[in-house]
Every structure is written in structure tokens, then in C-alpha cells.
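So the chains spell out like this:
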Amino acid sequence: MKCVSDFKRARQPEQIEQRRQDILSAAAHLMAEKGFDQVSLNAIARGAGVAKSNVYRYFESREEIFLTLLRQDWDDWLIQLEQGVAALKGSDDIPAFAALVADSIAACPRMCELVSVLASVLEQNLSEQALLTFKTESMALGVRIMGTVQTALPSLPSQNLMQIGHTLFALIAGLWPLGNPPPAVQKVMARPELAPFQIEFQSSLELALNLMLKGASKA
């Protein structure tokens, strides 16, 4: 943790960018340690070695900090997915593609957790400009997802591609918290009689993607 008393205002572009990265790194570390719900703006500021008031020089809210991390995670995930899908180019192999997507997403737990709170929390404390920027970047993400789907599944009707992207993120948002409940819920769900209600995130996502893509291929 950096000392707040050592803070000096960043003035040069590279200093400003370094300060932003310090704040993002602090948020990422705290989230990995405690979980998203337990990370406050005060804690992020302490971790970055700045006063809370100075965080607002770089981000307009706690939510914008985590949205920035989410955008970084999306980009990292898509790079990995785009590399992996090369082996499936033109195959129209829905089960293999669904398995690849589910595996790549399950390998990004922070992204999944942030997607699960995107609509309910992260988009709730942003200015109109910040929302517009985020939504514009999200559209670019959707275009990349569409291209990835087309690479592996060229026979899929093109009019269904954008909806596939929307549904993918809805599946993550719904299945992640169900597959990763808080400790008290985990303890209850460990009872043998509740086994039919237990959800394993990756396998459930893979099954849902299979069903969605097979349905979309016939629509």
C-alpha cells in the first residue's frame, strides 16, 4: 500500500496515466482479496496512496473504476478467444465452439463477477458521457464477438449474431452468482438433498450456449 502523504499531483500525461494505473491496480488487488461488494472507494484510494478526493481527478466514481477494469478484461478475453477460435475456422462445430467459449470465460472470474453486477450496480452511478463512452465501446465488443462467431460458425444466420452476444452476457450475469454463491448459501447447498439445485458455472454455461446456438442456427 502506498503512503498518502507521499502523494504528488500528476501533471504530465505519463504521470496521469501512471496514477490511473495505480488506482486500477489497487481496485483489482482489493477485489481479488475481498470480492467486489467489499471494496470501497476509500479503500481503493488508500491502496493507491492518494486521498479519496484525488481519485475523482482520474475517475468520476467507484463504478467507473470497475467499468474500466471490465473493459480491460473484455479485451483480454476476446484476444484469447480469437486466438483459440482459429482452430475451429469454418467448422460449424457448435459443441466445440460452445466449449471453447465457456472455457475461456470461466478462466476470467473477475470479468464474470463484474458482468454479474453490470446492470444493477456499475451503470447506476455514471454521467451520461461516461455511459455513452461505455456503451460505444460495448458495441465495438459486440462486433468483435460477432466476427468470432462467424469465423467458427459461418452457417449461422447473420441476423442472429448480435442477439447471441446479448444473450451470452445475460447468461454470464445470471449463472455466475448462482454458481458462486456466498459462503452461507454454499453451506446450505452442500446438503445432499439439494444436489439437483447446485450449479457449476462452466458446464452450465457450456450447455446453455449449446442450446442457444443450435436454436439460432435454425431460426
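Look up: the structure comes first, before these words.
Residues numbered from 1 in each chain as written. Predicted model: local features only at pLDDT ≥ 70, side-chain atom pairs only at ≥ 80, totals over all residues. Heavy atoms only, no water.

1. As for the overall build of the chain
Quick reminder of the rule: Only DSSP runs of H or I reaching four residues or more are called helices, and only runs of E reaching two or more are called strands; each is numbered from the N terminus. Categorising residues by exposure relies on relative accessible area from a 1.4 Å probe, with only protein chains included: less than 20% of the type maximum marks a residue as buried, more than 50% marks it as exposed, and the intermediate range marks it as partly exposed. Only heavy atoms enter the contact rule, under which two residues are in contact if any of them lie within 4.5 Å.
Scanning the chain from N- to C-terminus turns up 11 helices and 0 strands. When the elements of the chain are put in sequence order from the N terminus, they spell out α-α-α-α-α-α-α-α-α-α-α. In terms of overall dimensions, the chain has a C-alpha envelope of 60 × 45 × 30 Å along the principal axes. Within the chain, the fraction of its 219 residues that count as buried is 40%. In the chain, 75% of the contacts between residues at least 6 apart in sequence involve partners at least 24 apart.

2. Some remarks on the pattern of salt bridges
Basically, it comes down to this: A pairing counts as a salt bridge when a side-chain nitrogen of Lys or Arg comes within 4 Å of a carboxyl oxygen of Asp or Glu.
For the coordinates displayed, the defined rule picks out 8 salt bridges. One salt bridge connects Arg-144 with Asp-75, and the closest N-O pair in it is separated by 2.6 Å. Remark: Asp-75 occurs in helix α4 (residues 62–84) and Arg-144 occurs in helix α8 (residues 128–152); sequence separation between them is 69 residues. Two residues, Arg-191 and Glu-193, come together in a salt bridge whose shortest N-O distance is 3.7 Å. Judged by its relative accessible area of 53%, Glu-193 is exposed.

3. Some words on the environment of Ser-25
Checked against the element boundaries, Ser-25 lands in helix α1 (residues 13–34). Note on Ser-25: relative accessible area 45%, which makes it partly exposed. Considered as a pair, Ser-25 and Asp-93 are 68 residues apart in the sequence and their alpha carbons are 39 Å apart.

4. Some points on the packing of aromatic side chains
Which entries qualify depends on this criterion: Two rings from Phe, Tyr or Trp (for Trp, the six-membered ring) form a pair when their centres sit within 6.5 Å of each other. Planes less than 30 degrees apart are called stacked, planes more than 60 degrees apart edge-to-face, and all others tilted. As a reminder, the over-ring test applies to NZ of lysine and CZ of arginine, requiring each to be within 6 Å of the ring centre and within 35 degrees of the ring normal.
Considering all chains together, one arrives at 5 aromatic pairs under this definition. Here the aromatic cluster, defined as three or more aromatic residues joined through ring pairs, consists of Trp-74, Trp-77, Phe-134 and Phe-169. In this arrangement the basic side chain of Arg-62 is found over the ring face of Phe-36, its NZ or CZ atom lying 4.3 Å from the centre.

5. Re unusual backbone geometry
Residues other than glycine seldom take positive phi values, yet Asp-92 does so here, at roughly 55 degrees. Here Asp-92 shows up in the loop between α4 and α5 (94–106). Residue classification places Asp-92 among the partly exposed residues on the basis of a relative accessible area of 32%.

6. Topic: the nonpolar core
Counted only if it meets this: We call a set of buried Ala, Val, Leu, Ile, Met, Phe, Trp, Tyr and Cys residues a nonpolar core when their side-chain atoms join them within 4.5 Å.
Grouped together as the largest cluster of nonpolar side chains are 66 residues, with contacts concentrated most on Phe-66 and Ile-105. Per-element tally for this core: the top contributor is α4, with 9 residues. Apart from residues no more than four positions distant in its own chain, Phe-66 is found in contact with Ala-27, Met-31, Phe-36, Val-39, Ile-44, Leu-114 and Leu-122.

7. Notes on the packing of α8 against helix α9 (residues 161–179)
Just so we agree on the cut-off: Axis definition: a line fit to C-alpha positions, over the contact stretch in the case of helices; interaxial angles, taken between N-to-C directions, run 0 to 180 degrees. Should an angle fall under 35 degrees it is called roughly parallel, over 145 degrees roughly antiparallel, and 65 to 115 degrees roughly perpendicular, with every other angle called oblique. Three categories are distinguished: nonpolar for Ala, Val, Leu, Ile, Met, Phe, Trp, Tyr, Cys and Pro, charged for Asp, Glu, Lys and Arg, and polar for the others, with Gly belonging to the last.
Packing of α8 against α9 brings their axes to within 9 Å, and their N-to-C directions diverge by 110 degrees. By the angle between their axes, α8 is roughly perpendicular relative to α9. When α8 is examined against α9, the residues Leu-141, Ile-145, Met-146, Val-149 and Gln-150 are found in contact with a partner set consisting of Leu-161, Met-162, Ile-164, Gly-165 and Phe-169. Classifying every residue of the contact of α8 with α9 by side-chain character gives 8 nonpolar, 2 polar and no charged.

8. Structural notes on the environment of Pro-196
Here Pro-196 lies in the loop between α10 (183–189) and α11 (201–218). On the basis of relative accessible area, Pro-196 is assigned to the exposed category, the value being 68%. Separated by 137 residues in the primary sequence, Pro-196 and Phe-59 place their C-alpha atoms 44 Å from one another.

9. Some points on the packing of α4 against α5
Geometry of a packed helix pair, given as the angle between the helix axes and the separation of the axes. Heads up, the condition is: Left-handed is the label given to a crossing in which the near helix is rotated counterclockwise from the far helix by less than a right angle, and right-handed is the label when the rotation is clockwise.
Packing of α4 against α5 brings their axes to within 10 Å, and their N-to-C directions diverge by 150 degrees. Relative to α5, the element α4 lies roughly antiparallel. Seen along the crossing, α4 lies across α5 with a hand that is right-handed. Residues Trp-77, Leu-81 and Gly-84 of α4 lie in contact with α5, whose contacting residues are Leu-100, Val-101, Ser-104 and Ile-105. A per-class count over the contact of α4 with α5 returns 5 nonpolar, 2 polar and no charged.

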